[in-house]
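Listed below are the residues making up each chain.
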Amino acid sequence: MSAAASPVFRRTWPAWLALLLATLAGVYWWWAIGRPVALPDAPSARIACVSYAPFRLAGETPLDVNAYISPERIDADLRALSQRFDCVRTYSQGQGLSAVPAIAGRYGMKVLLGIWLGGDAKANAQQVELGIATANKYPQVLRGVIVGNEVLLRGDLSSAQLAGYLRQVRAAVHVPVTYADVWEFWLRHPELAGSVDYLTIHILPYWEDQPVSPEDAVQHVATAYAQVQQAFPGRRVMIGETGWPSAGRPRQAASASVVNEARYLREFLRYAATVHMPYNVIEAFDQPWKRAQEGTVGGYWGIFDVQARPKFAMQGPVTEEPRWWAGWLAGVAGAALFMLAGGRQRRRRGHLALALAGMASGCALAWQFRQMLYACRDGWEWALSFAACALALLTALRLARRIAARLAGTSASAAPPRWLRAGWLFVLAYYGLLLAVDGRYRDFPLGLFWLPCLGYALLGWLGERHAAAMPLLEERFLAPWLPLLAAAVLVQEAGLTAVAWLWLGLNLLLAVPVLLEWRRARGLPVQQAQAAGQ
């Protein structure tokens, strides 16, 4: 290295290291999610009972009173499900679902018949009437009738009103009648036990007020189940819902992934086999319509996806992302794009810097696109997401050209407009505010913000300190809020969510350079005055 180049390298090596680490992190992440993970095998691929809702195609939702699923569709579903399940649980009547018992009977399956109750007395009466008629028509197929699902959790009815519906159905049918709710609500309303033939409880470790990690989830189920049994001695208790999501935002130590869904289900089936416990798993198929209510994670509790393909096997290793190599291809494409669009670099260091920035950016955008595949629900969300990614890419390209020029020791390209950084500060602060005050169902768009945040951090490190300019007023207002909002999210996640730490890191990358520039700009007039006095 020449004597002239040595001082440049001493000043810029942290930027080189950051680019290299960012590239290696992207390459490693895609490689890691493509590795098979060894898990304990399930005792059998066959499962006792599974929640069944046929609303899995685009635009289908049980919230649409005019929705209708044909008997042919239901027949095809139950014929396939009968190969793996002995029973299905439904949640409502009407919309074609009253045909489930007759069709299930053809394939030797049993049914837990659901009657949906809400705050509308007229709709409840219709549901009860249909449920009673169906139960009395197919009593030999039914394992029971579930009158109401999580009504107390939602606050739609009081326990006294619910007990009235239970008594009405119980008096009219000749099969066992129960009510299903989160296990804690049975403990809060023990008076309902006298209105049912057995208790149906939901234990979903991911959704607990204190989320449970997948490694500890089955032990939590065993503890909660034993607690309910102890509170209601001599009463039969069934787990009406248990499962794990395959995609969506993490909740503290509870991370949604295909591997964790497979881990939980296999371990739960092993546990259930040892205690001979009646249970039902949620659910057969992914339900896209739930994403409007519960965020991305709501749509991915199925053992099968929306095309009725199994997400994983019940024996052998499980891979999170079989197409992991697509992330590497995106990185290579990003490197090529940045080198082509980076202008003519007279030194190899400029080309290397562009290649590293492009590789890191390509891997990050592929990460964001993978999240979009799960999260985007309609054309508007796809258009908005693509627009945001395009803006992030253009910003990263602009920043990469200037960074490469500085790292190569050549004349720098034109600086990005100051309003562009202010715009990213605003967007990050706005989304950070949403996460802090209403983040339960919101994803962390790390791949999107990685590009501008890292780019501006590197540019800030390489900036000319003696020529510090005062940041815009908007930047000075927004920058202090970014780490505060991100820290609030981290506290909500109890410091247990890795992506919450990454989110804090991204906010610091964008905010700290602004705060340092502000500090230097405030001190510059003092330094100039002192120099003039000398």
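Details of the structure are given in the entry above.
Rules used throughout
Residues numbered from 1 in each chain as written. Predicted model: local features only at pLDDT ≥ 70, side-chain atom pairs only at ≥ 80, totals over all residues. Heavy atoms only, no water. Helix = DSSP H or I, 4+ residues; strand = E, 2+ residues; numbered from the N terminus. Buried < 20%, exposed > 50% of the residue type's maximum accessible area, 1.4 Å probe, protein only. Contact = heavy atoms within 4.5 Å. Areas by Shrake-Rupley, 256 points an atom, 1.4 Å probe, with all protein chains shown as cover. Lys, Arg positive; Asp, Glu negative; His and termini not counted. Charge placed at Lys NZ, Arg CZ, Asp CG, Glu CD. Core = buried A, V, L, I, M, F, W, Y, C linked by side-chain atoms within 4.5 Å. Pairing = 2+ DSSP bridges. Axes fitted to C-alpha atoms, helices over the stretch in contact; angles between N-to-C directions. Parallel < 35°, antiparallel > 145°, perpendicular 65-115°, else oblique. Nonpolar A, V, L, I, M, F, W, Y, C, P; charged D, E, K, R; others polar. Phe/Tyr/Trp six-rings, centres within 6.5 Å; stacked < 30°, edge-to-face > 60°. Lys NZ or Arg CZ within 6 Å of the ring centre and 35° of its normal. Polar contact = N/O pair within 3.5 Å; in protein donor to acceptor, adjacent residues only side chain to side chain. Disulfide = S-S within 2.5 Å.

K.L.:
A description of the overall build of the protein chain should follow, citing residues and the corresponding values.
P.N.:
Regarding its fold elements, the protein chain presents 18 helices and seven strands. Per-residue burial for the protein chain yields a buried fraction of 53% across its 534 residues. Restricting to contacts in the protein chain with at least 6 residues of sequence separation, those with at least 24 account for 75%. A total accessible area of about 24,100 Å² is found for the protein chain, and carbon and sulfur atoms account for 61% of it. Within the protein chain, one finds 50 positive and 37 negative side-chain charges whose respective centroids are separated by 12 Å.

K.L.:
Please give an account of the nonpolar core that cites residues and values.
P.N.:
Formed by 93 residues in total, the largest nonpolar core has its most connected members in L78, L81, V145 and F268. Top contributing element to this core by residue count: helix α9 (residues 258-275), with nine residues. Apart from residues no more than four positions distant in its own chain, F268 is found in contact with V218, V221, I239, T242, M277 and Y279. Core analysis: the next-biggest nonpolar cluster, separate from the first, contains 55 residues, L356, C389, I403 and L485 among them.

K.L.:
Before we move on, can you summarise the sheet that holds strand β4 (residues 142-149) with the specific residues and values?
P.N.:
The strand order β1-β2-β3-β4-β5-β6-β7 describes an open sheet built from seven strands, whose pairing is parallel. Lying at the two open borders of the sheet, with one neighbouring strand each, are β1 (50-51) and β7 (237-241). Where strand β5 (residues 177-182) and strand β6 (residues 199-202) come together, three bridges link them in parallel fashion. Its bridge partner lying in β6, V182 is registered against H202.

K.L.:
Which residues make up the packing of helix α12 (residues 348-375) against helix α15 (residues 446-462), and what values go with them?
P.N.:
Running from amino to carboxyl end, α12 crosses α15 at an angle of 155 degrees, the nearest separation of the two axes being 7 Å. Regarding the angle of α12 to α15, the classification is roughly antiparallel. Where α12 approaches α15, its residues A360, S361, A364, L365, W367 and Q368 are matched on the opposing element by L446, G447, L448, W450 and L451. Across the contact of α12 with α15, the residue classes tally to eight nonpolar, three polar and no charged.

K.L.:
For the packing of aromatic side chains, give the residues involved together with the corresponding values.
P.N.:
Tallied over the entire structure, the rule returns 26 aromatic pairs. For the ring pair Y300 and Y374, a centre distance of 5.2 Å and an interplane angle of 90 degrees mean the geometry is edge-to-face. Pair noted here: Y300 is in the loop between α10 (291-294) and α11 (325-341) and Y374 is in helix α12, with a separation of 74 residues, a long-range link. Classification of Y374 as partly exposed rests on a relative accessible area of 24%. Joined through ring pairs, the aromatic side chains of Y206, W207, W244, Y264, F268, Y271, Y279, W301 and Y441 make up one cluster. Across the ring face of W324, the terminal group of R35 is positioned such that the distance to the ring centre comes to 4.6 Å. The ring of F185 carries the charged tip of R188 above its face, separated from the ring centre by 4.5 Å.

K.L.:
I'd love a proper account of the side chain of R89, names of residues and values included.
P.N.:
With respect to the element layout, R89 can be found in strand β2 (residues 87-89). Relative accessible area serves as the criterion here: at 1%, R89 is assigned to the buried category. Among the polar contacts listed, one links the side chain of R89 to the side chain of N149, at a separation of 2.6 Å. Other than its neighbours up to four places away in sequence, R89 contacts C49, V50, S51, Y52, L112, I146, N149, A180, H202, G240, E241 and N280.

K.L.:
Can you lay out the state of the cysteines for me, pointing to particular residues and giving the numbers?
P.N.:
The tally for this structure, following the rule as stated, stands at one disulfide. For C49, the disulfide goes to C87, at an S-S distance of 2.4 Å. For the disulfide bridge between C49 and C87, the dihedral angle about the S-S bond is near -40 degrees, and by the sign convention the bridge is left-handed. Highlighted residues: C49 in the loop between α1 (5-32) and β1 and C87 in strand β2, separated in sequence by 38 residues. Pair check on accessibility: C49 and C87 agree, each one buried. The thiol of C376 is not disulfide-bonded; the next cysteine sulfur, from C389, is found 8.6 Å away. The class of C376 is buried, set by a relative accessible area of 8%. Owing to a relative accessible area of 11%, C389 belongs among the buried residues under this scheme.

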